Amino acid sequence: MKRISPIRARQTDAPALLELKTSLQTTQDALNSAYTAFDYASDPELTEACIFEIRSLQARMNYLLRQIKDFETCAATAVTAHAGGRSRWT
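Note that this is a predicted model, so its numbers are computed, not measured. (Residues numbered from 1 in each chain as written. Predicted model: local features only at pLDDT ≥ 70, side-chain atom pairs only at ≥ 80, totals over all residues. Heavy atoms only, no water.)

If you tally the helices and strands in the protein chain, you get two helices and zero strands. Split into buried and exposed, the 90 residues of the protein chain put 20% on the buried side. Restricting to contacts in the protein chain with at least 6 residues of sequence separation, those with at least 24 account for 57%. Only carbon and sulfur atoms are counted for the fraction: they give 57% of the accessible area of the protein chain, which is about 7,100 Å². (Helix = DSSP H or I, 4+ residues; strand = E, 2+ residues; numbered from the N terminus. Buried < 20%, exposed > 50% of the residue type's maximum accessible area, 1.4 Å probe, protein only. Contact = heavy atoms within 4.5 Å. Areas by Shrake-Rupley, 256 points an atom, 1.4 Å probe, with all protein chains shown as cover.)

Below is the structure:
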């Protein structure tokens, strides 16, 4: 599996966004651990449990990514609205 680069927090990020990014990083680490456990599972029931855990963590990552994108979109919209509703093209 391709490793996703660590989420970099910026000084200007809101506390809620920082919490989402931290949660995403934690979930990514848990997903890597679940893949490792799956690689070493030999019992069919344990393999099935690993698959459920992987699917659950993938769903959580998708949710967190959507929340981060929505948060950043709302923040960008608020900045544009604050600037008089006009975007600047540079």
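From this point, the discussion proceeds with the structure in view.
A word on the nonpolar core. Formed by Leu17, Leu20, Leu24, Leu31, Ala34, Ile54, Leu57, Met61, Leu64 and Ile68, the largest nonpolar core amounts to ten residues. Of all the secondary-structure elements, those providing two or more residues to this core are α1 (15-40) and α2 (44-82). When neighbours within four sequence positions are excluded, Ala34 is seen to be in contact with Glu53, Ile54 and Leu57. (Core = buried A, V, L, I, M, F, W, Y, C linked by side-chain atoms within 4.5 Å.)

Here the focus is the environment of Glu53. With respect to the secondary-structure elements, Glu53 resides in helix α2. In sequence terms Glu53 and Phe38 are 15 residues apart; their C-alpha atoms lie 9.5 Å from each other.

Further remarks concern the environment of Ala30. Its place among the elements puts Ala30 in helix α1. On a C-alpha basis, the gap between Ala30 and Glu53 in space is 9.4 Å, while along the polypeptide they are 23 residues apart.

Next up on the list: the side chain of Ser23. For Ser23, the position within the fold is in helix α1. Here Ser23 is in contact with Arg60 and Leu64, once residues within four sequence places are set aside.

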